[in-house]
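# Chains, contacts and geometry: an overview
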Amino acid sequence: MSDWLIETITPRAAELGAELAPVALGDLKLPLLDEEDHPSSGVYRHDHTRRWSAIVDAADGIIAITPEYNYGMPATLKNALDYLGREWAWKPIGFVSYGHTSAGTRSVQHAKQVVTTLRLVPLGATVAIRIGDGLRPDPARDTAAIGLLDELTRLAHALRPMRERSTAAPGPLPGSYVRTLTSNDAAEVAVLQRCCWVDEALTNDSLAIPALHESIEDVRDWLSTWHTTGICRDGRLLGMVRARRSGSDWHIGRLAVVPDLRGQGLGRWLLRAAEAAADPGCHRAELFTGAKSLHNIALYHSEGYQTMPPAGPDGTTTLAKPLR
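Residues numbered from 1 in each chain as written. Predicted model: local features only at pLDDT ≥ 70, side-chain atom pairs only at ≥ 80, totals over all residues. Heavy atoms only, no water.

Core analysis: the biggest nonpolar cluster contains 46 residues, and V189, W197, I252, Y300 and Y305 have the highest contact counts within it. For this core, the leading source of residues is helix α7 (residues 186-204), giving 7 residues. Apart from the residues within four sequence positions on either side, I252 is in contact with V241, R242, A243, L271, A274, E275, A285, E286, L287 and Y305. Among the nonpolar cores identified, the runner-up in size contains 22 residues, and L30, V56, L81 and A111 belong to it. (Core = buried A, V, L, I, M, F, W, Y, C linked by side-chain atoms within 4.5 Å. Buried < 20%, exposed > 50% of the residue type's maximum accessible area, 1.4 Å probe, protein only. Helix = DSSP H or I, 4+ residues; strand = E, 2+ residues; numbered from the N terminus. Contact = heavy atoms within 4.5 Å.)

Put plainly, two cysteines are in a disulfide when a covalent bond ties their sulfur atoms together. Counted according to the given criterion, the structure contains 0 disulfides. Between C196, a free cysteine, and C195, which holds the nearest cysteine sulfur, the sulfur-to-sulfur gap is 4.8 Å. Judged by relative accessible area, which is 8%, C196 ranks as buried. Not part of a disulfide, C232 finds its nearest cysteine sulfur in C196, a span of 13 Å. (Disulfide = S-S within 2.5 Å.)

Of note, L237 is situated in strand β7 (residues 236-246). A sequence separation of 105 residues divides L237 from G132, and the C-alpha atoms of the two residues are 51 Å apart. The residues contacting L237, other than those within four sequence positions of it, are L181, E188, V189, L192, G230, I231, C232 and V258.

Taken in spatial order, the 3 strands make up an open sheet running β1-β2-β3, and their pairing is parallel. Bordering the open sheet on either side are β1 (62-67) and β3 (121-130), each of which pairs with just one other strand. Here the average twist between neighbouring strands, direction ignored, is 20°. Sheet analysis places β1 next to strand β2 (residues 92-99), joined by 6 bridges and oriented parallel. Considered in β2, the bridge of A64 is made with F95. Docked against the sheet, helix α1 (residues 2-16) engages β1, β2 and β3, running at close to 150° with respect to β1. (Pairing = 2+ DSSP bridges. Axes fitted to C-alpha atoms, helices over the stretch in contact; angles between N-to-C directions.)

As defined by bridge partners, strand β4 (residues 169-170) adjoins strand β5 (residues 177-180) across 2 bridges and the pair is classed as antiparallel. Within β5, the position partnered with A169 by the bridge is V178. Between β4 and β5, which pair antiparallel one after the other, the connecting turn spans 6 residues, and G175 there sits at a positive phi close to 85°. In terms of strand pairing, β5 meets strand β6 (residues 227-233) through 4 bridges, oriented antiparallel. Across the sheet, residue V178 finds its bridge partner in β6, namely I231.

See the structure below:
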């Protein structure tokens, strides 16, 4: 059953940019739940639990292949679900079921009662297979499997803010959260940059601003080498700042806040967060902005930065402050 599913959906997964990671519960050799602490504690004493936790934690969505026994799911699936808590939260789960008269659909209904308690989100799409029909070529069944993957992927993207918020530090605005941005965030960062640096270009009467011209690949490249902090809310990137070490200096840049939320202290909060992340061996924080960006310069002066003359040949002003 699993071989058929993987073979059927692998081409579509490649198109969607989704990575498939098949897992057989039998290979995990999970005994009947043997942890002393409740799964919600996240305290795992056994290696088999920690291995299972790492597998589920890395997943953005789950497809469970399940038979039906006596109107319910098998004990192995129930046991595997019971082992963990936080790792399941806000991830979509789809089902491929098999059985006799009901084609395993009663097993799925039983499982849905359990998975919703774990804050898993079951899909509406399912694939149900009667054992008597076997796995002879069936275009309709293959189409249903691909539809299952499509819905799983869409819902995984939609639930991403819920997963991020449940594990991230709270942000400065109600409902916001803070996380490290990675190369996977390149598209959102590119949009934020172009949104924010248009004002900078108009103020300084210059389009020679790298942030306005970087491709998504360019952004992905620098995200892999800079420490970049983002503030998000409901899946929207509200602001960001990047920093990295250069000798004994801590370079700060790309401080950006969406236009509709400026004036609420997000830029100041991000600047301080970037300074707090400085390597212990750094003695000075350094940044630059357009020479005519008086609002930016006033913010930096109020945070203890001093202008470092002379102005750069590209019309930029460098500012610096000592780090405690």
